[in-house]
Amino acid sequence: MENMLCDELLQEIFTKLPTTPSSSSLSVCLVSKRWLNLYRASKTSLSLRIIPDNSMVFSMSSLLSNYPFVSSLSVALSSSESTATTSSRSNPSFFDRLLFVVSSSCSNLKHLRFSAGPVSVSSLLSLSEACNHLTSLTVSLSRPLYLNWVASFSCLKELSVYACDADEVENEVFRRYRETALCSNEEIDTVLGLESLCLSGIRSEDTGVGWLWRSCKRLKKLQLKSCSGIGDGGSFANFVKCSQGLEEVKLRTCRSIVDVVLLNLAENCGSLNSLLVYDGCSREGLLQFISHCRCNLQKLDLRLPLDLNNVHLSAVAVKFRGLSVLRLQSCCLVSGDGLKALGVAMSSGLEELALINCDVVDREPGLLASLGQNLKQLRKLDLSYNEMLLDKEFMAMLVSCNYLTELKLRGCKGLTSMAVVSMSKSCKRLQTVDIMHCCRVGAEAVELFVLNSPQLRRVEVDENKLSDVVRTWALQKFIEVVV
């Protein structure tokens, strides 16, 4: 029976299995050595969590040799090893040797996320020679930062760099890595092909970042995380030029620079269509951006608990009537009147609305009903973590939202089974639903909802609320169940 199917057909079948570990993939590996080898050969994506021990270098080399066609690889520390063990901390070149193993074993790599620990320039240059088709790269670097190596990756389109301080016990060997000619910040006149850039932990004194800004002339997406600067003195002028063609910007925990970045975007960037700002922004800086922005913003995502208020919402309603996506999280200073005015202004175009952990949803009766009546074109709705949201308020909105395809209610502890049953009656087009951690929703309601949702393709729900009927139905109708 095992030999009835040819290798090519088996590999094609194996590619259809879930990419995450599951009972089906485990069963395949146990059938025979032939099936195990073919399953490994069919894998193009691999995610590894390692223990930072020197023996891991040989183990990883042996492991990767079994997966010859991997094109996407993620390497991170095990969740139980958030900090490196003594052996790896006393030998920082451990991560270099690990990256050398990846370089020599995975010549077909196109996507690499190496977040296990900081690596040197020499190991990155070796990677560029061995994996010359790499289009996406994530790495950690120790200060001082040297970034000229990026020019060696001719196909690179997406780059993420996490800057960190050098460990105090860093040995002299690793110091010499950083002090070679490879680690100079000499001016290299080049135009990088990067279209997406993510920088984390950048400071105002970091040298070399200015070269990166100057060389990125095709950048479309920019993400800054926990940055207190955008590089040393000459970086700002280069950053201004680099940002002129940006289409998507995400700023997370960058309070000290967010106002400067937003002002620059408002004055110099006319192509921006998506903006995310989390955890840090002055009220005046945000208002100035909204008032003076020249772009046609399509998506706005804000998590500014103590900075966002009704004045900003009024400005958004006037300036960005073409918004198709609006996501607000933890907006403590926003009132129902502000959201209602926004709903009226965007009644014809808004397709996605998120009000996550917004206490205004709980404290102002009738708000959701008003939003539902004005936003009848909504396709996606996220009301997650509004713990005091009640059935009556939720159902009053739902009756007007007949075109919803995605609904998220994770952590809405006040909703009961009645709300879930009403979803199948009012929203016949639902394809994706998240009702995880809704403790007052019962298994019977979940079963009734799943059986009466003809277009459902994915549901996230607590495992103890899945009946045998639901499991069988999900298998027959190809519904993905996430627990």
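Here the structure is a predicted model, which is why all the values come from computation and not from measurement.

A word on the pairing of strand 11 (residues 325–329)
Next up, step 1: Counting buried positions along strand 11 gives five out of five residues, so the element sits mostly inside the fold.
Next up, step 2: The two faces of strand 11 match: V325, R327 and Q329 on one face and L326 and L328 on the other face are all buried.
Next up, step 3: Bridge count for strand 10 (residues 299–303) against strand 11 is four bridges, and the pairing is parallel. The partner of K299 across the bridge, within strand 11, is V325.
Next up, step 4: In terms of handedness, the path from strand 10 via helix 13 (residues 310–319) over to strand 11 forms a crossover that is right-handed.
Next up, step 5: The pairing of strand 11 with strand 12 (residues 352–356) spans five bridges and is parallel. Within strand 12, the residue paired with L326 across the bridge is L353.
Next up, step 6: Between the parallel pair strand 11 and strand 12, the chain is carried across by helix 14 (residues 336–345), and the sense of this crossover is right-handed.

Focus: the confidence of the model for the protein chain
Next up, step 1: Looking at the protein chain, the pLDDT average stands at 88 and 87% of residues meet or exceed 70.
Next up, step 2: Across residues 83–90, where pLDDT falls below 50, the model places twelve contacts with residues more than four positions away in sequence or in other chains.
Next up, step 3: Of the regions scoring below 50 in pLDDT, residues 168–174 engages in 13 contacts with residues more than four places distant in sequence or in other chains.

Considerations on the nonpolar core
Next up, step 1: Residues L73, W149, L224 and M423 are the most contacted members of the largest nonpolar core, which totals 142 residues.
Next up, step 2: Discounting residues that sit within four places of it in the chain, M423 has contacts with F394, L398, L407, L409, L430, V433, I435 and F449.

Regarding the pattern of salt bridges
Next up, step 1: Evaluated as defined, the whole model comprises 17 salt bridges.
Next up, step 2: In this structure, the salt-bridge partner of R203 is E205, at a minimum N-O distance of 3.8 Å.
Next up, step 3: By relative accessible area, which is 48% here, E205 ends up partly exposed.
Next up, step 4: Salt bridges here are not isolated pairs; linked through shared partners, they connect R143, D165, R203, E205 and D206.

Remarks on unusual backbone geometry
Next up, step 1: Put simply, R143 and P144 share a cis peptide bond, and its omega is 0°.
Next up, step 2: Positive phi values are uncommon outside glycine, yet N357 reaches one of about 50°.
Next up, step 3: Along the chain, N357 turns up in the loop between strand 12 and helix 15 (359–363).

Looking at helix 13
Next up, step 1: Within helix 13, burial applies to H312, L313, A315, V316 and A317.
Next up, step 2: Against the buried residues of helix 13 lie helix 12 (283–292), strand 10, strand 11 and helix 14.
Next up, step 3: The N-cap of helix 13, judged by a side-chain oxygen 3.0 Å from the amide nitrogen of V311 a few residues on, is N309.

Describing the packing of aromatic side chains
Next up, step 1: For the structure shown, the criterion picks out four aromatic pairs.
Next up, step 2: Taking 4.9 Å as the distance between ring centres and 70° as the angle between the ring planes, the aromatic pair formed by W213 and F239 counts as edge-to-face. Taken together, the residues span a long stretch of sequence, with W213 in helix 9 (residues 209–215) and F239 in helix 10 (residues 235–242) at a distance of 26 residues.
Next up, step 3: Taking relative accessible area as the criterion, W213 reaches 1% and is therefore assigned buried.
Next up, step 4: Note on F239: relative accessible area 1%, which makes it buried.
Next up, step 5: A ring pair is formed by F236 and F239, whose centres lie 6.5 Å apart and whose planes are at 40°; its orientation type is tilted. Taken as a pair, F236 and F239 lie in helix 10 at a separation of three residues, close to a single helical turn.
Next up, step 6: Three or more aromatic residues joined by ring pairs form one cluster here, namely W213, F236 and F239.

Thresholds, definitions, all that
Every chain is numbered independently, its residues counted from 1 as its sequence is written. It should be noted that, the model being predicted, local features are given only for residues of pLDDT at least 70 and side-chain atom pairs only at 80 or more, the latter also being counted only at that level, while totals for whole chains, interfaces and linings use all residues. For the side-chain quantities, the full set of heavy atoms in the structure was used; hydrogens and water were omitted. Burial classes: relative accessible area under 20% of the type maximum marks a residue as buried, over 50% as exposed, and values in between as partly exposed (1.4 Å probe, protein chains only). Comment: elements are numbered from the N terminus, with helices defined as DSSP H or I runs of at least four residues and strands as E runs of at least two. Pairs of strands are assigned from DSSP output, requiring at least two bridges between the strands. Handedness of a crossover is defined as follows: orient the strands so they point away from the viewer, and if the path from the first strand over the helix to the second runs clockwise, the crossover is right-handed. Each residue carries a pLDDT score, the predictor's confidence in it, ranging from 0 to 100. What makes two residues a contact is simply this: any of their non-hydrogen atoms within 4.5 Å. Nine residue types can take part in a nonpolar core, namely buried Ala, Val, Leu, Ile, Met, Phe, Trp, Tyr and Cys, and a core is a set of them joined through side-chain atoms within 4.5 Å. Here a salt bridge means any side-chain nitrogen of Lys or Arg lying within 4 Å of a carboxyl oxygen belonging to Asp or Glu. Side-chain atoms alone can form a polar contact between residues adjacent in sequence; in general such a contact is a pair of N or O atoms within 3.5 Å, and within protein one must be able to donate a hydrogen while the other accepts it. Note on aromatic contacts: the rings of Phe and Tyr and the six-membered ring of Trp form a pair at centre separations within 6.5 Å, being stacked when their planes are under 30 degrees apart, edge-to-face when over 60 apart, and tilted otherwise.

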